[in-house]
Every structure is written in C-alpha cells, then in structure tokens.
Amino acid sequence: MTTIGDKLQQVRTRIETACAACGRDASSVRLLAVSKTFPEAALREAHAAGLRSFGENYVQEGVAKIQALADLRASIEWHCIGPLQSNKTRPVAEHFDWVHSVDRLKIAQRLSEQRPAGMAPLQVCLQVNVDGGANKSGVPPAEALALARQVAQLPRVQLRGIMAIPEPAEGFEAQRELFLRATALFDEMRAAGLPVDVLSMGMSGDLEAAIAAGSTMVRVGTAIFGGRSYA
Ligand SMILES: *Cc1c(COP(=O)(O)O)cnc(C)c1O
C-alpha cells in the first residue's frame, strides 16, 4: 500500500521537476495539503510525514478538524479554500489562519471585523474567476485590482495575493495560458504597489502548468491523500 508519506514524496518530486523545467527554485513553491473529506487520522499521518499547511473547503468540517488537532495547533497553518457565504465568516475568522476564497468586499470586511484581537491578522487571497465562467466563484478579473486595494486597507486581514481555479484545459500549454491570466493580475497588483506575494494555483492534475505560470502555492488533495468519497 502506498502511504501518505510515499505519495507526499511523489508530489514533492513533481514540484521539484516542474520547477527545474522552468528554472525556478523548488523552495519558491509552497505545498498546501487539501484535506477535505479526509479524517483526523489521515491529517495526523500527513503531519507526521512533514506537512504543516492544510486546506479545508467546508467551514464546519474544517473547524471540527482544527479542534480535533488542537494539540498540533502551533505547528499547523489552516487554510480555508472553499466558497464563503457571509453568514459563515465568523467561524473562519475565529479559527483559520488563511482564506483563499475572498471574492467580494463584504466578505473581507466581515472577516476583518470578526477576527479576534488576540490573533494575527487573517491572511487573505482574492479568488479570481480567470475563465469568466458565469456560475463560478471569484471576482471578475476586471474588478480584481479595485477589490485588492480595498481589502489592503482593512485592519485585521492581510492581503497576500490571488487564488485561481481555471477549468481543465486540453494540454499543458492551454492550461498554462489560463494560469497566466492570474499571473498577469498578480503582476498588475505588484506594479500598483500592493504587497502581494502569493499566487495560489495548481492542484493534483495541473500543478506543473501552474508552476510554469508562476504559482507560489499549489493546493494538492488527491495526489497526497488519494481519491475522495463524498458519501
Ligand atoms: C479540492 C480542492 C483542491 C485539491 O484538488 P485535488 O485535485 O484533489 O488536488 C484544491 N483547491 C481547491 C479550491 C479545492 O476545492
């Protein structure tokens, strides 16, 4: 049986190979382990194998795991990566370290207001809908810079960058082109003086194309934990 440690090693090798192919240093890409649907024991195994950043999509499930792994809290960074409704912001502000899926000002304002004073500012990425898919989450690219400027002013959140989930495309080059739209927006934000340093893109199936386009954080679930069952 392939253990989580073995699969993690394969993912690390993929990241290193992808970085080498485009002349990047492997340390410039962080690995976020997407643990949604997997039980506490799998996360403990992943932690023992060296993973320190976990991504959860569903607020309730994520908070339950943060509480179950409270003994490891100081050594884990918890990332909320799923779509956020405004009535779910409080538990996110109170428990998570990062949110990748902020796509409107109201959500960011609530997160900032609800972030407890004793905690570090919540680290935030704006989710950008780079395909323009009508029923997908994410701010439209044309509105991303304005939103970034507003979010950067909020006191209890810290703007870190962009998250994108492009539709699967036919082939490496087409996939890279979609990721490059997010990279272009990221570059635009930096040029505008915003202190962004994180480009969260790439998953199990497309992390090589994302790295070739400049990703600094890949979010990997299946390739580390195996297939998900939503039963
Ligand atoms: C589930 C999920 C992932 C991980 O996807 P895999 O294909 O299992 O690697 C990454 N990002 C988001 C936002 C997800 O919902």
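Above: the structure in question.
Residues numbered from 1 in each chain as written. Predicted model: local features only at pLDDT ≥ 70, side-chain atom pairs only at ≥ 80, totals over all residues. Heavy atoms only, no water.

Some points on the site of the ligand
Stage number 1. What surrounds the ligand is the set Val34, Lys36, Asn57, Ile81, Ile165, Met203, Ser204, Arg219, Val220, Gly221, Thr222 and Arg228.
Stage number 2. Residue Lys36 places a side-chain N or O atom 2.7 Å away from an oxygen atom belonging to the ligand.
Stage number 3. Within the side chain of Ser204, a nitrogen or oxygen atom sits 2.5 Å from an oxygen atom of the ligand.
Stage number 4. Protein contacts shield 89% of the accessible area of the ligand, which totals 390 Å² for the unbound molecule.
Stage number 5. The pocket occupied by the ligand, as judged from atoms lying within 2 Å of grid points, is the largest pocket.
Stage number 6. Residue composition of the shell around the ligand, grouped by class: 5 nonpolar, 4 polar and 3 charged. (Near = heavy atom within 4 Å. Polar contact = N/O pair within 3.5 Å; in protein donor to acceptor, adjacent residues only side chain to side chain. Areas by Shrake-Rupley, 256 points an atom, 1.4 Å probe, with all protein chains shown as cover. 1 Å grid on protein atoms, 1.4 Å probe; cavity = no way out; pocket = protein on both sides within 12 Å on 5 of 7 lines; lining within 4 Å. Sits in = over half its atoms within 2 Å of the grid points. Nonpolar A, V, L, I, M, F, W, Y, C, P; charged D, E, K, R; others polar.)

With respect to helix H6 (residues 141-152)
Stage number 1. Taking 1.5 Å of rise per residue, 12 residues should cover 16 Å, and H6 covers 17 Å from first to last C-alpha, within 8% of that figure.
Stage number 2. Along H6, the residues that are buried comprise Ala144, Leu145, Leu147, Ala148 and Val151.
Stage number 3. Each element contacted by the buried residues of H6 is listed here: helix H5 (105-114), strand E5 (122-127), strand E6 (157-163) and helix H7 (172-191). (Helix = DSSP H or I, 4+ residues; strand = E, 2+ residues; numbered from the N terminus. Expected span 1.5 Å × (residues − 1). Buried < 20%, exposed > 50% of the residue type's maximum accessible area, 1.4 Å probe, protein only. Contact = heavy atoms within 4.5 Å.)

Description of the layout of surface pockets
Once rolled over the atoms, a probe with the size of a water molecule shows which space is left empty.
Stage number 1. Taken as a whole, the largest pocket encloses approximately 330 Å³ of empty space.
Stage number 2. Considering the residues around the largest pocket, the lining is formed by 20 residues, among which Lys36, Asn57, Ile165, Met203 and Arg219 are closest to the centre.
Stage number 3. In the lining of the largest pocket, the residues fall into 7 nonpolar, 8 polar and 5 charged.
Stage number 4. As for the second largest pocket, its lining consists of Arg12, Ile15, Glu16, Ala26, Ser27, Val29, Arg30, Leu31, Gly50, Leu51, Arg52 and Ser53.
Stage number 5. In terms of residues, the lining of the second largest pocket owes the most to one element, helix H1 (residues 4-21), which gives 3 residues.
Stage number 6. For the lining of the second largest pocket, the class distribution of residues is 5 nonpolar, 3 polar and 4 charged. (Points joined across faces, edges and corners; volume = space filled by probe spheres on them.)

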